[in-house]
Every structure is written in structure tokens, then in C-alpha cells.
Amino acid sequence: MNERELMDRLEEAVPEVPSVFHNAMLGAFAQIQEQEEKEKLKDNLVELPKPRLRKRTAAIVLIAALLMATVATGTALMPKVVSYFYGGNAVIREDLPDLVQNNPVEMMVGNCRVRIEEVLYDGAQLYLTYSIRNMTVDRMMGERDPEDSPNGRRYLTIEEEEQEIYTWDAYLWSDALWINGEETEMLSGTFSNYGGDEPGEYISYNILHLYQEGIELNGETRIALPIGSDPRRLYEDGCLPRDENGRAAEPEGDACAIICLNADVPGIERIKGGPVTVWPDGTEFTVLETIFSPVRLHVAMTCSVSDELRRAYPEDMSDYRIVFDRWWDMALVDSEGNILNSERYEGLSGTNGDGVTFMEFTYRKEYPLPLYVAPVVDDVADMAHKVLIRE
């Protein structure tokens, strides 16, 4: 094989690298070249023979660089918030890093620096990483678990630091947010706070389950995130004024960090409604919505049990509890009962007051049809109790 054939095969086999990696490589090679030129001129010394890259070696360097780019695409560029909640080896759509806004907001609120580090909307959930640093605090926040590595996370102490941060000039002061000027209800979500890399700083990883609240973002979207100076301090009753519909106007000034994003995520498949499945014991499942996002597969469904089954349980137990106390471990399966999850203990992710159950599963590039979820017993899918998700 000659050099041209090798290059042609490399172009066919290796996908296009991200522009950020391409530019970084160009910058690195330019620095190397500049340094070599400086060394040649230094003190007019006699130049010693310098090692040079032969063509074969150059080709190897190119292959290594391309392999590094492929790794960077899959791991190093994964959003920190996604890596935190789903693991550094989580399966995601290849273009997910391109959908992330990095460092869109930085502002000073009193003696606190507020920085929004990552924003991602995947058609179902809003993923956020933000940091707040109190410039008057000179100690590192959090304590490491003695069983962790020396470079492990520093956990905020619940009794002290988790309370302390709510006395700062800036903090997350509400469980709601404002979307295009309209206040949402209190959002369901998941978050974790850890000590940051600088004194007086903590990092917060957040997932806001917008689809579980019936919220769907489209087009150019303005989000006011309530991280800043708590405006409730201005009112005697500690509450924001509300209109006749019980909604508060978006606070002005430095009460919120303003995020502007294009919520039209390419390649999302959102299916409203779905099939109905009845188990042998009379339990009925109705799929309300299925979202195939670049991060996860999200499923919303209702379940109702038969009168006969209900009589076997206490009156105060909901249908949801009756079903999922028995079948907690639900897996995504194909028609043959093959478990499609790449992680165990996926499935159930929550419920709301209207009896809607939410499930989520690992992203897959392709999903077999028909697609089911089914209880797992001793690592085997119980296909007698499968629930049809998509035909």
C-alpha cells in the first residue's frame, strides 16, 4: 500500500473530527513549529542535527491524532452533567456535545461570582451545571470521603455548608423558573452539590424533568434561572407578588441568570399517545408519550389495577405503588425478551400526583420494533408481563 492509498483509507474509516479538536491540533502544531524556529536562532549557536518525522512516522502521528479525536468525541467532550448522572461511559448520540452551551453566563452578585457552565436541552429534560463562588470565603468547600481517591469529589457537609450557601449574596432561591417570561410550577428535578476547584466555590449538577411537567420547549427560548440575589428579601412576607392566576412576574436585576437557547433539537422523535397493554391479572398500562432523545429514551404511562388485585392491598396504596412495589426492576426488551439496557436498574424514574409513571432507558442508535418494557426476575425478562411501548 502506498501513502496515497493509506490516506484514502484513513479518510474513509475515520469520521470527521469536531472543529474544537481540529483547531486545537492546528494550534498545537503551530506552537511546535514556532518553538523550533526560535531554537534555531537562539544565540546563533551551531545547530545540532534534530530528529525529524519520516513519512511513515508522520502517518503514525496522524493515525494517533485521529484516534485521539475519536476518543475525545465520545468521552472528553461529554457534558459534565451527563457524565455525572449517567456515568462517564454513558451511551449518547454522537453529536450531543454540539448541542451544549458552554459558559453562557457569568455575573457578579454582591460578593459572589455566578457562572452557568453547561446548558443542554434534549427535548425532554434541561441539564445544567453551574457554580457559585463566594469571594470572601478563603477555604475549599466540602470534604473528601476517606475511601475516595485523593482527587475525589469534596462533599458539602449537610449540617454546615449546605445551610451556609443559602446565606450568601447569591444562591438558588426557587424551585421554579421563568420560560419566556412565564413562571413555571415547582419543577421536579435532581441535583447534587460539590466543592469546586477554587476557594469558596461549589459546583451544582442539575436535571430538570420538564417533560414530566408537560413542558415542551421550541425555538428561541429565554430561561430565567433563579440563581442570584433573592428578591423575596424585599417583601415583608418573604413572598413574591402574584397575579390573579397565582403567577409571579419574572424578577428584575440580578435575581436571575438569563439563558437564551435554541430549543429545536435535531433528530428528536416525540410520539404523543401510544398502545394500551393489559396484563393477565387485569393491570392496564396506557402509554402517553415516548421521547427518543440524544441522551435517553423517556416513556410516560399510566397504570391501573383490577378490583380483584386491589382488594389484596391496603386501601391507601396507589395503583402505581401496587404495580411497582412488585415490579421495580423494569427493563427495555425486544420481542424475544432480550434485555436492551446497557445499565441495570434503569426504568422507573418517578411518578406525579396524576398517576403518571415515568421511565427512562439508555440511548440507542437504533431501537428494535416492536419495543417493550418488562419486569426482570433473576436476570430474565418476564414476557408474560411485557408492556408494549411502540409497535
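Residues numbered from 1 in each chain as written. Predicted model: local features only at pLDDT ≥ 70, side-chain atom pairs only at ≥ 80, totals over all residues. Heavy atoms only, no water.

1. Section: the pairing of strand E13 (residues 257-262)
Each regular strand displays side chains that alternate between the two surfaces of the sheet. What counts is decided by this rule: Throughout, exposure labels follow a simple rule: accessible area from a 1.4 Å probe, protein chains only, divided by the maximum for the residue type, with under 20% read as buried, over 50% as exposed, and the rest as partly exposed. Every helix listed is a DSSP run of H or I at least four residues long, and every strand listed is a run of E at least two residues long, numbered separately from the N terminus. Paired strands, as defined in this entry, are two strands with at least two bridges between them according to DSSP.
Every second residue of E13 is oriented toward a common face, the buried set being Ala-257, Ile-259 and Leu-261 and the non-buried set Ile-258, Cys-260 and Asn-262. Both strand E11 (residues 220-225) and E13 contribute to a ladder of 6 bridges, which runs antiparallel. Residue pairing across strands places Leu-225 opposite Ala-257, the latter belonging to E13.

2. Observations concerning the packing of aromatic side chains
Here is the rule we go by: Working definition: rings of Phe, Tyr and Trp (its six-membered ring) pair if their centres are within 6.5 Å, and the pair is stacked with planes under 30 degrees apart, edge-to-face with planes over 60 apart, and tilted otherwise. Note on geometry: a ring has a charge over it if NZ (lysine) or CZ (arginine) is within 6 Å of the ring centre and within 35 degrees of the ring normal.
According to the stated counting rule, one finds 11 aromatic pairs in the structure shown. Aromatic pair Tyr-194 and Tyr-205: ring centres 6.5 Å apart, planes at 55°, arrangement tilted. Here Tyr-194, found in strand E9 (residues 189-195), pairs with Tyr-205, found in strand E10 (residues 201-208); they are 11 residues apart in sequence, far enough to count as distant. In this pair, the class of Tyr-194 matches that of Tyr-205, namely buried. Put simply, the rings of Tyr-84, Phe-85, Tyr-155, Tyr-194 and Tyr-205 touch in pairs and so form one group of aromatic residues. Here Arg-153 stacks its cationic end above the ring of Tyr-194, 5.1 Å away from the centre of that ring.

3. Details of the side chain of Asp-230
The line we're drawing: Think of a polar contact as two N or O atoms within 3.5 Å of one another; within protein, one of them needs to be a possible hydrogen donor and the other a possible acceptor, and neighboring residues in sequence only count if both atoms come from side chains. Contact between two residues is taken to exist if any of their heavy atoms lie within 4.5 Å; hydrogens are not considered.
Looking at the element boundaries, Asp-230 is found in the loop between strand E12 (227-228) and E13. One polar contact links Asp-230 to Arg-232, side chain to side chain, over a distance of 2.8 Å. Those residues in contact with Asp-230, other than ones at most four positions away along the chain, are Tyr-171 and Trp-173.

4. Structural notes on the environment of Leu-297
By secondary structure assignment, the location of Leu-297 is in strand E17 (residues 296-304). Separated by 65 residues in sequence, Leu-297 and Thr-362 place their C-alpha atoms 6.3 Å apart. Other than its neighbours up to four places away in sequence, Leu-297 contacts Thr-290, Ile-291, Phe-292, Leu-332, Met-359, Glu-360, Phe-361, Tyr-367 and Leu-371.

5. Things to note about the environment of Glu-336
On the secondary structure map, Glu-336 appears in the loop between strand E18 (330-333) and strand E19 (347-351). With a relative accessible area of 65%, Glu-336 lands in the exposed category.

6. A look at the confidence of the model for the protein
This is how the line gets drawn: A residue's pLDDT is simply how confident the predictor is in it, with values from 0 to 100.
The predicted model of the protein has a mean per-residue pLDDT of 81, with 76% of residues at 70 or higher. In the model, residues 1-8 has pLDDT below 50 throughout and makes 6 contacts with residues more than four positions away in sequence or in other chains. For the stretch residues 10-76, pLDDT sits under 50, and the model shows 26 contacts to residues farther than four places along the chain or on other chains.

7. Quick word on the side chain of His-385
Assignment of secondary structure puts His-385 in the loop between strand E22 (380-381) and strand E23 (387-390). Classification of His-385 as buried rests on a relative accessible area of 14%. Side chain to side chain, His-385 and Asp-382 meet in a polar contact 2.7 Å long. Those residues in contact with His-385 that lie beyond four places of it in its chain are Trp-279, Pro-280, Trp-327, Val-373, Ala-374 and Pro-375.

8. Thoughts on the sheet that holds E13
Sheet architecture is open: 4 strands sit in the order E8-E7-E11-E13, paired in antiparallel fashion. Taken across any chain shown, the strands that pair with only one partner, and hence form the sheet edges, are strand E8 (182-183) and E13. Where strand E7 (residues 178-179) meets E11, 2 bridges bridge the pair, whose relative direction is antiparallel. Residue pairing for E11: Trp-178 is matched across the bridge by Ala-224.

9. With respect to the pairing of E10
Here E10 lies mainly inside the structure; 8 of its 8 residues are buried. Sheet topology note: the strand E3 (residues 126-134)/E10 ladder contains 8 bridges and is antiparallel. The residue of E10 that forms the bridge with Ser-131 is Ile-203. Here E9 pairs with E10 via 7 bridges, running antiparallel. Along E10, the bridge assignment pairs Gly-195 with Tyr-202.

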